[in-house]
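# Fold and geometry: a report
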Amino acid sequence: MNRIKETLARIARAARGSKETSSSSSLRLDRVGRSSSSTLDSREKEKVLVRADGRGPLILFDGTQSGDEGLDIVFVHGLFGSRAGTWTKGGICYPRDLLGHDIDDARIIGWGWAGGLSGNGTFIDQAECLLADIARLRSGITRPIVFIGHGLGGLVIKEALVTAAMSRIYGAHVELGNVYPRTIGCVFLGTPHVRSGKRSLGECIAATALLSPIAPTPQLLRGFKENDKAFENLHATFLMISRDIRVVCIRERLPSTIATSGDPTDGMELGKSTVQTMVPRDSAAYEGFNVTRHDMGVSHVDLARFKSRDEVGYAQMLAWITKASSGPTPAEAEAREPRNQEILNSIYYDTMNERESRIDPAYGQTCDWILNPNLSMVPRHLRSKDPVLWISGNAGSGKSTLIKHIARSESVKQQLLEGWAAEGDLLVACFFMFEGGNRIQKSYEGFLRSVLYQILSVRRDLIRIAFPSFFEGDWPPPVLFTSINNLNQAWYSIFAHMSDTLRLFVFIDGIDEYRIMERKDHYEPDQLDITYDKDTGDESWGQSKWAKDSHVEITKLINSMANKDNVKFIVSSRELPIFEEAFADYPRMRLQEHTEMSISQYVAGRLEDEAPGLPDTKNLCRELAQKSNGDILWARLAIDMVVGCSLRTLRPMLNSLPTHLGGPDGLYMRMLENLTLEQQQTASRIFHLVLSAQQPPALITLSFGAEGYINPATGQLRAVEDNDHPYDEASIQRMTDQMTNTLETSCAGLLVAETGPSNNPNSLETGQRVVFVHQTAKEWVRRKDIWLKLPGCRPVSSVEYYFKCLSGCVRHIKAFEVNRPPVLAWPSWRFRPGAWLLIANALRFAEKVDKEVADVEKYVQLLDELDKTCQRIWIAALQNHKPLHEDPDWYDNRLPSMCRKHWTGYEPMDAGKPPKRKDMLALAVQANLIRYTETKLSQLDSEARRKKAQELLPFVVSPKAEGFSACAGLSGEYLDFHHDMPDSRLLDVLFDAGATARDDDKLWIRALKTGRHYFSRGSVTMTHLLETSSSTRLMDNRERWVAAVKSLLQHGADPNCDIQVTTGSGENLSTTTIAAVDLIRETLEGEPEYAVELVEMEILMGRRGSVGIAR
């Protein structure tokens, strides 16, 4: 909220600046002259809004004919540059003298600024001036804008667009905000965006500053480094607001010679006071769906200047500006843009890029061979008509690293453009299957949403083609937008309309990790278990019935989508018979036949870094590579084990290592056997906690859970004791550091904490989630027999681990506000989705604990602590809120009213209103916490117990299935609490507590209408259940509804009550009145599995029962 306030305050200042008359002595306003004639005096072209100090805008060329047609190109120089001189070489100012004549209907503006950081440590003051000047120049003009920034000028542009986007989002000062939607492209010339290797972003910015024409002061360089976090935040925000802006990042290939003043700099020393340096390589570009990167064979200063059209760099720049500026007309884009963004937001999910981000980049040049036509089949495939290339390999052979290397290679895209896609519009998408992630990361839904998002983010003009029926009417739509049916239609609609021009190349990694998530409940437990090879005892990867059926399905999907004309695939997987049969007609490359040299290079690099001077290194590298059998994961783990050995023990250790990873005597087992007894016990505890989690747990959640829920010294709940010792950043950091160390030592490195922040500000700290180092490690740890072989690893009941996970979630919620506010006020009051996801996870663990917990008292006390914590967080957020503007009504009325509300009623929603809940018990009922509900009711006196039970009864018999939670985008495993019928046993609890159905027709009518959600295919709820979850879930809801109706009849519900039922829609909408008994028969008749229950209910209602025959 503070950041929003600061931004809006800055916007206000910038807006005032845009409205001020420029009458000061330092500013001269001249009439804008048309410059379409090449004979016009260049000085005449510059007589526009000229400040004597070189700051502000200077119109270098104006070839536009009207306010709406054409293009504005804004050039922003780097640190200590100038608005004309930076772009001038040999007397030629190329934006004015060349570019203006080569781009039709263009107005070219040079904008000048002075160096120095603002109070918040960034270039916000300069960005405000840029925004105000451009808004003033463009008053009444709607033509699109392309920004071009050199060096640190690119950071000024990013800050300005972030500020403009904020004003757009919050509806403040539209004259500034309109700069943002009109911006269609950005070209960054040697601009540092992200960190590079071990150098922070602040250090990369300081290194770029050294390339300025005037040497920056030591104080300014120190300021860049010290404000690293502010620049990181700027880039993270720019990522969110620039998804629909075409971005081109260009870096120099030639170093610059600069003088040094004694301070150390990164570069090649030429003499005592000179070095050669350039913008850090990995910093000058960043990953993004709408971002392209290029290099230019010039130095940093020559990125910004050309003296003739014959220079290669000028032709490249002209092409890049044209690419950045291509797109629909402003009127068309503005008309459809809001709905476009709503559709893209709905397709997106938070873990879309998680798997790829976790894959280590290629070590050195170990993957370069894949693009060598003499060594690899990939270059030939890029030009051929074959629809599929299958890259197969053993588990751990480096398939994912290789696919990431290929998919992100600019050379691959260039070869595609010169070969297979030469006559079409190329789009490239990639999807990394991840069995160890949440359900959406290994499902067909996740694949479709990811690929569609990548296509439509780049080609927003295709959104209307993909989803034509969603551009009319309100948003969100009345049906589930991300249903498989809808996503399938979008996929095929795109290619039905664009097959003549569109060329889609798709990389899919790990198709053996694909799972049929929506039909998982169709399989018996023994069909889900991994089987083991009888001879070796090793896992027969993918041999469970469920996995094998999943593999058959994914191969059918790939074969059905692949078309030699417009869709082409490179897929990777383990070597399984199903894939060998399905891809028999396609080219195949066996990775382990090509990786011995790469593994040898990798081993040599590791030994050189970690064991320099080791004798006979060459033979050692060759032996390790041969023993790995092409398994680079085995090689990496083996090096970890032998690198610390003495020269005397190294060779025996190497010879004794198993040659396979899994099984009861593989390398994984050897790694655990090398641990101490205490470390093995810790490993067992940590591994089983991670396996018990709903999804990969956050590092801090695991830290709390691993401590256990009871303090053995006091016998008290640790979550309660936390109240006496609140956490701060330092204590949280100590806990996470300790857990990270535990993962490296006691868990033998088989579990790792992810690195890198999430791009989603509402998510959990996904950069700190704990995951298995490889899928084979997760599958191996699940085996029960390995733990029986380790002394001291006693079996522990599942409920104990669930209890610890519950405690970990509750304690994480208590510490959540240390990192970020758990409650959001805009656009409406609600819990942050990441915080609510923690709450939901806690309740899912509680549901498992509720069924078989022995210590009910501690269990209830822990959930009460969750309730108290969340209510305290809610009240504190309200009381600490400061309205952006003077608002007496907030303090006099709304604040006291909202403080009386309960936190459970403010679930974050993507669509619809949050469910109305008055207290924790309402949510507990929806979460099926039977014993908790029973215990809490028993603590009330008889009258209070009866009233509370009556209040809770509607939640059990008629869940209000409206809206969808915002947490669904954070976790594909998330299930809303308000769409399902709770456990029928709760009815007994409530009726025993005094609830009744007698004389409550409103409750009875709501319950009967609820049945239509689960028995009518036209129902949104039923569509949601059928297409996003399993049929078992639907059947559970049906059975529970039947049980609820039967129980209500037994407790006094009126079978003759009249009910108004609405059917049809639009002109066919009609309302009829029907008796309850007839509505029940109408709902269940034709459902043979409920024929007996229908007879029993008709007897209860006083009618003669008869079994209905299915129609």
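Attention in this report is confined to the structure presented alongside it. These figures come from a predicted structure and were not determined experimentally.

This brings us to the packing of helix 34 (residues 798–815) against helix 36 (residues 856–880). Interaxial distance between helix 34 and helix 36 falls to 10 Å at its minimum, and their mutual angle equals 20°. Taken together, the axes of helix 34 and helix 36 are roughly parallel relative to one another. Between helix 34 and helix 36 the crossing geometry is left-handed. Residues Phe 803, Leu 806, Ser 807, Val 810, Ile 813 and Lys 814 of helix 34 pack against Lys 858, Tyr 859, Leu 862, Leu 863, Glu 865, Leu 866, Thr 869, Cys 870, Arg 872 and Ile 873 of helix 36.

Glancing now at empty space enclosed by the protein. Throughout the structure, instances matching the rule amount to 7 cavities of 30 Å³ or more. A volume near 180 Å³ is recorded for the largest cavity. Lining the largest cavity are 18 residues, with Ala 693, Pro 697, Thr 701, Cys 809 and Phe 845 positioned closest to its centre. Looking at the lining of the largest cavity, the elements with two or more residues in it are helix 28 (677–692), helix 29 (699–706), helix 34 and helix 35 (833–852). Its residues assigned to classes, the lining of the largest cavity shows 12 nonpolar, 5 polar and 1 charged.

So, on to helix 16 (residues 410–418). Every buried residue of helix 16 is accounted for by Val 412, Gln 415 and Leu 416. One side of helix 16 holds all its buried residues, which, seen down the axis, span an arc of 100°. Where helix 16 is buried, its residues contact helix 14 (378–383), helix 15 (399–407), strand 16 (425–432) and strand 17 (502–509).

Another point: the sheet that holds strand 15 (residues 388–392). Read across the sheet, 5 strands follow the order 16-17-18-15-19 without closing on themselves; strand pairing throughout is parallel. For this open sheet the edge positions go to strand 16 and strand 19 (588–590), each flanked by a neighbour on one side alone. Between one strand axis and the next, the sheet turns through 10° on average, direction left out of account. Of the strand pairs in this sheet, strand 17 and strand 18 (residues 567–573) are connected by 5 bridges, and their pairing is parallel. Within strand 18, the residue paired with Phe 505 across the bridge is Lys 568. Across the sheet, helix 17 (residues 444–458) touches strand 16 and strand 17, and the angle it forms with strand 16 is around 145°.

Turning our attention to a positive patch on the surface. A surface patch of like charges, here positive, comprises Lys 913, Lys 916, Lys 960, Lys 1002 and Arg 1006. Tracing the backbone shows Lys 913 in the loop between strand 26 (909–911) and helix 38 (920–926).

A few words now on the packing of helix 40 (residues 942–957) against helix 42 (residues 1001–1015). The geometry of helix 40 relative to helix 42 is characterised by a closest axis approach of 9 Å and an angle of 15° between their N-to-C directions. Put simply, helix 40 runs roughly parallel to helix 42. When you trace helix 40 past helix 42, the crossing you get is right-handed. Where helix 40 approaches helix 42, its residues Gln 950, Leu 953, Pro 954 and Val 957 are matched on the opposing element by Leu 1003, Arg 1006, Ala 1007 and Thr 1010.

Attention now goes to unusual backbone geometry. Of all residues except glycine, most have a negative phi; of all peptide bonds, most are trans. Of note, the amide linkage connecting Trp 826 to Pro 827 takes the cis form, showing an omega dihedral of 0°. In this fold, Pro 827 is placed in the loop between strand 24 (823–824) and strand 25 (830–831). At Asn 928, a residue that is not glycine, the phi angle is positive and equals roughly 65°. Looking at the element boundaries, Asn 928 is found in the loop between helix 38 and helix 39 (930–938). For Asp 999, which is not glycine, the phi torsion reads 60° and is therefore positive. Of note, Asp 999 is situated in the loop between helix 41 (985–992) and helix 42. Judged by relative accessible area, which is 76%, Asp 999 ranks as exposed.

Parameters and conventions
Residues numbered from 1 in each chain as written. Predicted model: local features only at pLDDT ≥ 70, side-chain atom pairs only at ≥ 80, totals over all residues. Heavy atoms only, no water. Axes fitted to C-alpha atoms, helices over the stretch in contact; angles between N-to-C directions. Helix = DSSP H or I, 4+ residues; strand = E, 2+ residues; numbered from the N terminus. Parallel < 35°, antiparallel > 145°, perpendicular 65-115°, else oblique. Left-handed = near helix turned anticlockwise from the far one by under 90°. Contact = heavy atoms within 4.5 Å. 1 Å grid on protein atoms, 1.4 Å probe; cavity = no way out; pocket = protein on both sides within 12 Å on 5 of 7 lines; lining within 4 Å. Points joined across faces, edges and corners; volume = space filled by probe spheres on them. Nonpolar A, V, L, I, M, F, W, Y, C, P; charged D, E, K, R; others polar. Buried < 20%, exposed > 50% of the residue type's maximum accessible area, 1.4 Å probe, protein only. Arc of directions from axis to C-beta. Pairing = 2+ DSSP bridges. Patch = residues over 30% accessible without salt bridge, like charges linked within 9 Å, V, L, I, M, F, W, Y side chains within 5 Å. Areas by Shrake-Rupley, 256 points an atom, 1.4 Å probe, with all protein chains shown as cover. Salt bridge = Lys/Arg side-chain N within 4 Å of Asp/Glu carboxyl O. Lys, Arg positive; Asp, Glu negative; His and termini not counted. Charge placed at Lys NZ, Arg CZ, Asp CG, Glu CD.

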